[in-house]
Amino acid sequence: MGAARYLPHKRGMLWRLARLDLDWLAKEDGQSGTNVERSTCDLWEETTDSNFLWNRVVMHAALVEGAEFAAEELDSARAESYLRAANSYIGDPFSDHVSQYSFFSPRFLSECPVDGAGASCRSYKKTIDGAVILSLVHARVAPRKVATGLSFKPIVPMPTSELVAHTVKAYNELFCRLYPINREDSNSGVPGVLYGRYELDKYGSDGEGNPWVLISAALASLLYQAAQVVAGGSALSTSERAAWVEALRVPASFHKDFGSAEDFVSAGDSVLSRLRGHIVEADDMHLYEQIDRHTGKQYNAKDLTWSYGEVLNALAERGRVFSKLLDQIENLV
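Residues numbered from 1 in each chain as written. Predicted model: local features only at pLDDT ≥ 70, side-chain atom pairs only at ≥ 80, totals over all residues. Heavy atoms only, no water.

Asks: I'd love a proper account of the nonpolar core, names of residues and values included.
Replies: With 69 residues, the main nonpolar core has Tyr171, Tyr195, Trp244, Phe264 and Leu275 as its most contacted residues. Mapped by element, the contributors of at least two residues to this core are helix H3 (53–72), strand E4 (108–109), helix H6 (131–138), helix H7 (162–178), helix H9 (213–231), helix H10 (238–247), helix H11 (261–277) and helix H12 (305–332). Those residues within four positions of tyrosine 171 in sequence are excluded, and the remaining contacts are Phe108, Leu109, Ser110, Thr127, Ile128, Asp129, Gly130, Val132, Ile133 and Tyr195. In this structure, Leu14, Ala26, Leu63 and Ala71 belong to the second largest nonpolar core, which totals 21 residues. (Core = buried A, V, L, I, M, F, W, Y, C linked by side-chain atoms within 4.5 Å. Buried < 20%, exposed > 50% of the residue type's maximum accessible area, 1.4 Å probe, protein only. Helix = DSSP H or I, 4+ residues; strand = E, 2+ residues; numbered from the N terminus. Contact = heavy atoms within 4.5 Å.)

So this is what it looks like as structure tokens:
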């Protein structure tokens, strides 16, 4: 659908391809709802469940965009079917993915559902999983509000929200504890943080999980999206500011003034800066899948398309911040 909007001469063919998958997702059999409720594998193709966060938010985003696309094509039956699957059978996928370490700890987002998670999801301990960061970045659908009367309720938490800040804090703490290279970089004064998949990850050298290029880049995207919200005129509340100050470990002398779009851009830049430090000249700027947790060298799957995609997406999100800031300046002038 995205390609169809950029390639209008291929729109018909691309829409026929897209609706094959959308029709399958929205198909109702009269007993078990739709195919979006089936058990399936997670993003990393390792565990199975019917309620992984990334799967459900991306299905929701695709169905909502599909409903709008179908409406533009004057296919009201498909538009209604897709929207019904998104709103009735998926609903708000974030609502049952809000976890806590303890009764007194802040709530954060988890990949497995808090209640009713499958055995494999529990055994892999995917409460904290880099797929959640990808969920927040990939699920943002901006409705074009076509004149069809379609009802769409945004379901993604605002990137500046306390919930997202607490999620970033929880993930920072886990991945800094897991990966020696994060601690080494921090001790050397290198800003930022590298994220990986989940605590019990064994997919890496010596059976140990590593930071991933694409997940770390997605974190930068998330921070740039937060900058866009502020640049668009939505200031942080007092509680949001406090949550982000804690999540990003903002020095005490900057607590009061923290919360500008530039602050979030700096946070995103810090992540990309740390990532860039491990893409050494010997790699000739090629991107791999992982970064070794001990040596900091890139590892496994050279030239992974997904790594390039997330890094380029982060840079695009960064550019959107400055477009919004320039719009503000032009409005003042």
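We are not done yet, so read on.
Asks: How would you sum up the state of the cysteines? Please name residues and give values.
Replies: Following the criterion strictly, the structure yields one disulfide and no others. The side chain of cysteine 112 participates in a disulfide bridge whose partner is cysteine 121; the two sulfur atoms lie 1.7 Å from each other. Here the disulfide of cysteine 112 and cysteine 121 is left-handed, its torsion about the S-S bond being about -95°. Take cysteine 112 and cysteine 121: they sit in the same class, and that class is buried. With no disulfide partner, cysteine 41 has as its closest neighbouring cysteine sulfur the one in cysteine 121, 12 Å distant. (Disulfide = S-S within 2.5 Å.)

Asks: An account of a nonpolar patch on the surface is requested, with residue identities and associated values reported.
Replies: Together, Met13, Leu17 and Leu20 line one region of the surface with nonpolar side chains, adding up to about 290 Å² of accessible area. Here leucine 20 is to be found in helix H2 (residues 11–26). (Patch = residues over 30% accessible without salt bridge, like charges linked within 9 Å, V, L, I, M, F, W, Y side chains within 5 Å. Areas by Shrake-Rupley, 256 points an atom, 1.4 Å probe, with all protein chains shown as cover. Salt bridge = Lys/Arg side-chain N within 4 Å of Asp/Glu carboxyl O.)

Asks: Go over the packing of aromatic side chains, please, and point to the residues and values.
Replies: Centre distance and the angle of the planes are the two values used to describe a pair of aromatic rings. What the rule picks out here adds up to 11 aromatic pairs. Judged by centre distance (5.6 Å) and plane angle (15°), the ring pair of phenylalanine 175 and tyrosine 179 falls under stacked. Of the two residues, phenylalanine 175 and tyrosine 179, neither departs from the other in class, the shared state being buried. On the basis of an interplanar angle of 90° and a centroid distance of 5.2 Å, the ring pair of tryptophan 244 and phenylalanine 264 is categorised as edge-to-face. With a gap of 20 residues between them, tryptophan 244 in helix H10 and phenylalanine 264 in helix H11 connect regions that are remote in the sequence. Of the two residues examined, tryptophan 244 and phenylalanine 264, each falls in the buried class. Put simply, the rings of Trp44, Tyr203, Trp212 and Trp306 touch in pairs and so form one group of aromatic residues. A cation over a ring is seen here: lysine 126 above tyrosine 124, with NZ or CZ 5.2 Å from the ring centre. (Phe/Tyr/Trp six-rings, centres within 6.5 Å; stacked < 30°, edge-to-face > 60°. Lys NZ or Arg CZ within 6 Å of the ring centre and 35° of its normal.)

Asks: Give a detailed account of the pattern of salt bridges, specifying residues and quantitative values.
Replies: A complete count under the given rule lists 18 salt bridges for this structure. The partner of aspartate 75 in a salt bridge is arginine 78, with the nearest N and O atoms 2.9 Å apart. Among the residues examined, arginine 78 registers a relative accessible area of 24% and is labelled partly exposed. Across the pair glutamate 173 and lysine 169 runs a salt bridge whose closest N-O atoms are separated by 2.6 Å. Residue glutamate 173 and its partner lysine 169 are both found in helix H7; the two are separated by four residues, about one turn of the helix. What emerges from the salt-bridge pattern is a single network uniting Arg5, Arg11, Glu65, Glu72 and Glu73.

Asks: Would you mind going over unusual backbone geometry in detail, with residue names and values included?
Replies: Of all residues except glycine, most have a negative phi; of all peptide bonds, most are trans. Unusually for a residue other than glycine, glutamate 45 sits at a positive phi of about 60°. The residue glutamate 45 is located in the loop between strand E1 (40–41) and strand E2 (48–49) in this model. Unusually for a residue other than glycine, aspartate 206 sits at a positive phi of about 60°. Among the structural elements, aspartate 206 can be located in the loop between helix H8 (180–187) and H9.

Asks: Mind laying out H10, listing which residues take part and the relevant values?
Replies: By the burial criterion, the buried members of H10 are Glu240, Ala243, Trp244, Val245 and Ala247. For H10, the elements touching its buried residues are H7, H9 and H11. Phi for arginine 249, located one or two positions after H10, is positive at around 55°.

Asks: Quick rundown of H3? Include the residues and the values.
Replies: Counted at 1.5 Å a residue, the expected span for H3 with its 20 residues is 28 Å, and the 29 Å between its end C-alpha atoms agrees. Most of H3 sits out of view: 16 of its 20 residues are buried. Once H3 ends, the next one or two residues include leucine 74, with phi positive near 60°. (Expected span 1.5 Å × (residues − 1).)

Asks: Which residues make up the packing of H6 against H9, and what values go with them?
Replies: It is the contact of H6 with H9, at a shortest axis distance of 9 Å, that shows an interaxial angle of 45°. With respect to their mutual orientation, H6 and H9 come out oblique. At the point where H6 passes H9, the crossing takes the left-handed sense. Residue-level inspection shows Ile133, Leu134, Leu136 and Val137 of H6 in contact with H9, the latter providing Leu214, Ile215, Ala218, Leu219, Ser221, Leu222 and Gln225. Of the residues belonging to the contact of H6 with H9, the class tally is nine nonpolar, two polar and no charged. (Axes fitted to C-alpha atoms, helices over the stretch in contact; angles between N-to-C directions. Parallel < 35°, antiparallel > 145°, perpendicular 65-115°, else oblique. Left-handed = near helix turned anticlockwise from the far one by under 90°. Nonpolar A, V, L, I, M, F, W, Y, C, P; charged D, E, K, R; others polar.)

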